[in-house]
Amino acid sequence: MAEFNVNLRDVGSVSVIDVKGYLDAHTAPELENIFNKLLVEKQFKVVVNFDELKYISSAGLGVFMAYVETMRENKGDIKFSNMKENVYNIFDLLGFPILYEFYKEEKEAVHKFSDQG
Amino acid sequence: MRNQLKNIARSRGLENAILLSILLFLFNLIFPLHDSVVLAIINELLVFLSVFFLYHYLHQFLNAKVDSPLTLVLNAGILAALIFFIVSITNSILGSSDSSKGIGFFNSLFSVLLAFVFIGSIVYIFSTFRELFFLRQKKDLSTFYNTMLIFFALSFFSNILILFDSSFDYPKDAFYVVTIVLICLNSTRVSWIAFLTKKQKYYLLIISVILSTLFGINFATFIDNSIMRQIIYTFSPGLHTLMSLIMIYGTINFGIIFFTTLFHLPTAEAFDRKAEEVSSLMDLTNLITQVFDFKELAETITTITTRVCNSDSAWLVLKSDINIELSSVHNIGYVDADKITNNLLGSGENYDSIEIVQFDSILSNTNAGGQLFKSIAIAPLKVHKKINGYLFAARHRENNFDQDEKKTVQAFADYAAVALENAKLIEESIEKERLEKELDVARDIQKKILPSTVPTSNRLEISALFVPAFEVGGDYYDFFELSNDLLGFVVADVSGKGISSAFIMAEVKGIFESLSKIITNPKELLIKANDTLKRSLDKRNFVTAIYGIINKKNGTLNFARAGHTPILLCSGERIQSIQPPGIGLGLDYNPGFASSLKEMEIQLKNNDIIICYSDGIPEAKNHKEEDFGYDRLDNIVLNNREKSLDLISNEVMKELSLFSKNHSQHDDITLVLFKWNQNN
């Protein structure tokens, strides 16, 4: 069974989610739980750090699609950072770069939120 | 020899017994007085053989009744009473007169009939003793018993010796005494009494004392120099000996039964309870395999616990990570049980093994609705070291649960734990079955949606390959004959798996089929498809697609890509991936979607191959979790470009299965190829 780990931490007013391992239909609910928690806490500024993510399936992508609207409606966003090339290719193929912001470094993504206010 | 004899005796027991009885009967009618030694010996032999065969026949007959020893005892008692009755009547009617000495036909007929009744009765009684003797015996005691039988026979025949010389009677007395000693020894085998219930023991106590007395009186009348003794003795001295011995046997045997039962009475209740415990545990074992509803089983368990463990109330609670839930109660209200449970477990306390809680220590400050329990046994429902709940047994009385009762409560708790686990597993397997059925439905839908054949035309060779994954992905491809010259095609992939993606796929098919008839521009068509799909798609679902139109007349390909894997164009010795921009269907509304999408036109040259595929191919994994990737696909196509499209497909599949052997295919695989043959 492919392993998946998710960790939530705060960097200033931004929540950073570290995803690690394999994000697919079986592990996606773990990530959803984190997003649900953020919604309850009214924390809408989210950066997802993909540094240690090895694989993402369409179900994994679906998680971000499910929550991004709510985040944006509340003046927040989901931004992606530290993505490996093979993972980025999957996002790219689907056209995610047109809809989401991707950053090389987590810091940049966090700063982007601060710049916006 | 012995076995042969046994076989003859057993297999034709009834026939032999009847035959000999008739012989005996006729013999006695013809020779009412056995005044010669030869006649007497023949008579004795006939009597003995009748008894022998009848005994063996009855053995089979009674063997079927050994499950109810009391019935056996009662039947023997009735026959003993019958003998007593006949003896008394005969003695009183005929008095002590010796009129029977006369050789009247009726007299001899009467004595023969009487003898038959006696033979039947004593053989039946004797067989009963035999069954009782062997009942519930663990060891093989047939040697003891057979020795006794031999002495019975010896005593029987020793009477013949007296016929030769009336002073020669000491062997008879010797055999007689030895037989009685053996009877005494064999009569002590009465372990079956222990297995009777308390009620049956009381019953047996009364019956045995009556029967012992009855057999004693019968014995006395046979020994006494009464008319009865004379009749029997005249008929057959051996029979008389046998009867008196059996009467002694009855007296001794029932006497011993009486005392044994008496001594067993004090433990009768404990024995009953143990027996009930065992039988209820057996019932529970049956229930566990039959009842899938845990609630029902929990009710049975609490009821049995109350009864068997001498408690006044019992209840069962289930414990999960978050809460404690009352599952069933017996002889106590839900509210009270809940109160006590919360009191005992509320502080997050765990009882790892069975524990007895005294009322004073825990419950003194709880008003349990007037239910004052003096002591409560708490047994955990443990499976794999995890506690899933508790079984409670509570008493009003002062006396504590003893070691034995504790063990019993724990045994029931263990059963409940197993049943609970069982119920869970069954639920899971039903769920699994449901999912598997769902997968079947999904596969079915998918199969029906995909085209069964590919269109054929002179200049355009087409090949399509589809390999479904076990979990059913949402791959879809289709061809639309738009006009004589134009062929539309779509290759799409619905995100997610299972029945939901199968349904979306069905919708996608409908959308493309209808739109292809109206819109002849790939980009416009995808935009329209996005509008339609976005309304019905769940937020987290999306569909990637390539829609293209090939002109079969001049070989132009127009297509647009909505997030799908790029198409490959193999032209000469070059292969290139063509990936015009475009986001997946359902990712964004217009105008975002429309503005992302770019349509492309390619002019195909002779022998150019166009390859459309789903991400199942590049994302196929090997045992090291590595991707199959795009390069491998490129190379296979390049190396086989001269071959027919079907062969290229086969080659791809072959390489793919080689690559991902020992690894299950987790996504559908779709491969659609077109080859442009300019010259045809």
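Owing to the predicted nature of the structure, the values given are computational and were not obtained by experimental measurement. (Residues numbered from 1 in each chain as written. Chains lettered and ligands numbered in written order. Predicted model: local features only at pLDDT ≥ 70, side-chain atom pairs only at ≥ 80, totals over all residues.)

Enquirer: Help me understand the overall build of chain B in this model?
Expert: Within chain B, the regular secondary structure consists of 19 helices and 15 strands. Within chain B, the fraction of its 680 residues that count as buried is 37%. For chain B, long-range pairs separated by at least 24 residues make up 71% of all intrachain contacts whose partners lie at least 6 apart in sequence. (Helix = DSSP H or I, 4+ residues; strand = E, 2+ residues; numbered from the N terminus. Buried ≥ 20, exposed ≤ 12 C-beta atoms within 10 Å, placed from the backbone. Contact = placed C-beta atoms within 7 Å.)

Enquirer: Can you walk me through the overall build of chain A in this structure?
Expert: Looking only at helices and strands, chain A has five helices and five strands in total. In chain A, the succession of α and β elements from N to C terminus is β-β-α-β-α-β-α-α-β-α. Counted over contacts in chain A with a minimum sequence separation of 6, partners at least 24 positions apart contribute 69%.

Enquirer: Looking at this structure, how should I read helix H19 (residues 645-659) of chain B?
Expert: Residues lying three or four places apart along an α-helix face the same way, a consequence of the helix completing one turn every 3.6 residues. Residue and element names in this part refer to chain B. Taking 1.5 Å of rise per residue, the 15 residues of H19 would be expected to cover 21 Å, and the 21 Å separating its terminal C-alpha atoms lies within 8% of that figure. Within the span of H19, buried status applies to Leu645, Ile648, Ser649, Val652 and Leu656. Along H19, the residues classed as buried sweep out an arc of 100° about the axis, all on the same side. Turned more than 90 degrees away from the buried face of H19 sit Leu647, Lys654 and Leu658, all of them exposed. In this structure, the buried side of H19 is in contact with strand S6 (460-467), helix H18 (629-639) and strand S15 (669-676). (Expected span 1.5 Å × (residues − 1). Arc of directions from axis to C-beta.)

Enquirer: Explain the packing of helix H4 (residues 69-94) of chain B against helix H8 (residues 198-223) of chain B to me, please; I cannot follow it from the model alone.
Expert: The angle between the axes and the distance between the axes are what describe a pair of packed helices. Residue and element names in this part refer to chain B. Following both chains from N to C, one finds H4 and H8 inclined at 30°, their axes separated by 10 Å at the closest point. Considering the angle they form, H4 stands roughly parallel to H8. H4 and H8 meet at a crossing whose hand is left-handed. Contact with H4, carried on its side by Leu70, Val73, Leu74, Gly77, Ala80, Ala81, Ile83, Phe84 and Val87, involves Gln200, Tyr203, Leu204, Ile207, Leu211, Leu214, Phe215, Ile217, Asn218 and Thr221 of H8 and no other residues of that element. The class makeup of the residues in the contact of H4 with H8 is 15 nonpolar, four polar and no charged. (Axes fitted to C-alpha atoms, helices over the stretch in contact; angles between N-to-C directions. Parallel < 35°, antiparallel > 145°, perpendicular 65-115°, else oblique. Left-handed = near helix turned anticlockwise from the far one by under 90°. Nonpolar A, V, L, I, M, F, W, Y, C, P; charged D, E, K, R; others polar.)

Enquirer: Would you mind showing me how to read the sheet that holds strand S9 (residues 543-551) of chain B here?
Expert: Pairing between the strands of a sheet comes from backbone hydrogen bonds, and it takes one of two forms, parallel or antiparallel. Residues and elements named next belong to chain B. One open sheet holds the five strands; their spatial order is S7-S8-S9-S10-S13, and the pairing between them is antiparallel. Edge positions in the sheet fall to strand S7 (475-481) and strand S13 (599-603), since each of these pairs with one other strand and no more. Each strand of the sheet is rotated relative to its neighbour by a mean of 15°, with strand direction disregarded. Looking at chain direction, strand S8 (residues 486-494) and S9 are connected through nine bridges and run antiparallel. Paired with phenylalanine 489 across the bridge in S9 is glycine 548. (Pairing = 2+ DSSP bridges.)

Enquirer: Help me understand the environment of B:Thr188, please; the structure alone is not making it clear to me.
Expert: All names here are of chain B. Here threonine 188 is to be found in the loop between helix H7 (170-187) and H8. Owing to 12 C-beta atoms within 10 Å, threonine 188 belongs among the exposed residues under this scheme. Threonine 188 sits 69 residues away from isoleucine 257 along the chain, and the two C-alpha atoms are 8.1 Å apart.

Enquirer: Got a minute to help me understand the interface of chain B and chain A in this structure?
Expert: Size of an interface: often given as the accessible area lost when the parts come together. Contacts between chain B and chain A engage 17 residues on the former and 13 residues on the latter. A breakdown of the residues in the side of chain B that touches chain A according to their chemical character gives three nonpolar, 10 polar and four charged.

Enquirer: Sorry if this is basic, but what is going on with the pairing of strand S1 (residues 4-11) of chain A here?
Expert: Within a regular strand, side chains alternate between the sheet's two faces. With eight bridges connecting them, S1(A) and strand S2 (residues 14-23) of chain A associate as antiparallel partners. If you follow A:Asn7 over to S2(A), its bridge partner there is A:Asp18.

Enquirer: Can you help me understand the confidence of the model for chain B in this one?
Expert: Predicted coordinates in areas of low pLDDT are best not read in detail. Counting all residues, the mean pLDDT for chain B is 85, and 94% of those residues have values of 70 or more. Predicted complex metrics record ipTM = 0.89 and pTM = 0.56. (pLDDT = per-residue confidence, 0-100.)

Enquirer: Would you explain the environment of B:Asn63 in this entry?
Expert: All names here are of chain B. On the secondary structure map, asparagine 63 appears in helix H3 (residues 37-63). Asparagine 63 gets classed as exposed once you count the C-beta atoms within 10 Å, which come to 12. Once the C-alpha coordinates of asparagine 63 and leucine 135 are considered, the two residues, 72 residues apart in sequence, prove to be 9.7 Å apart.

Enquirer: Any chance you could explain the nonpolar core here in plain terms?
Expert: The tendency in soluble globular proteins is for nonpolar side chains to be buried side by side. Ranked by internal contacts, the top residues of the largest apolar core, which has 96 residues, are B:Leu526 and B:Ala545. For this core, the leading source of residues is helix H2 (residues 58-73) of chain A, giving eight residues. Discounting chain neighbours no more than four positions away, the residues touching B:Ala545 are B:Val490, B:Val491, B:Ala492, B:Leu526, B:Ala562, B:His564 and B:Leu585. Within the second largest apolar cluster, 58 residues are counted, among which are B:Leu72, B:Phe118, B:Ile231 and B:Met247. (Core = buried A, V, L, I, M, F, W, Y, C linked by C-beta atoms within 7 Å.)

Enquirer: Is there a simple way to explain the packing of H3(B) against helix H5 (residues 105-134) of chain B in this structure?
Expert: Residues and elements named next belong to chain B. For the pair H3 and H5, the least separation of the axes is 9 Å and the interaxial angle reads 50°. Between H3 and H5, the crossing angle belongs to the class labelled oblique. Here the hand of the crossing between H3 and H5 comes out right-handed. Contacts between H3 and H5 involve Ser50, Val51, Leu54, Tyr55, Leu58, His59, Leu62 and Asn63 from the first element and Ile119, Val123, Tyr124, Phe126, Ser127, Thr128, Arg130 and Glu131 from the second. Across the contact of H3 with H5, the residue classes tally to nine nonpolar, five polar and two charged.

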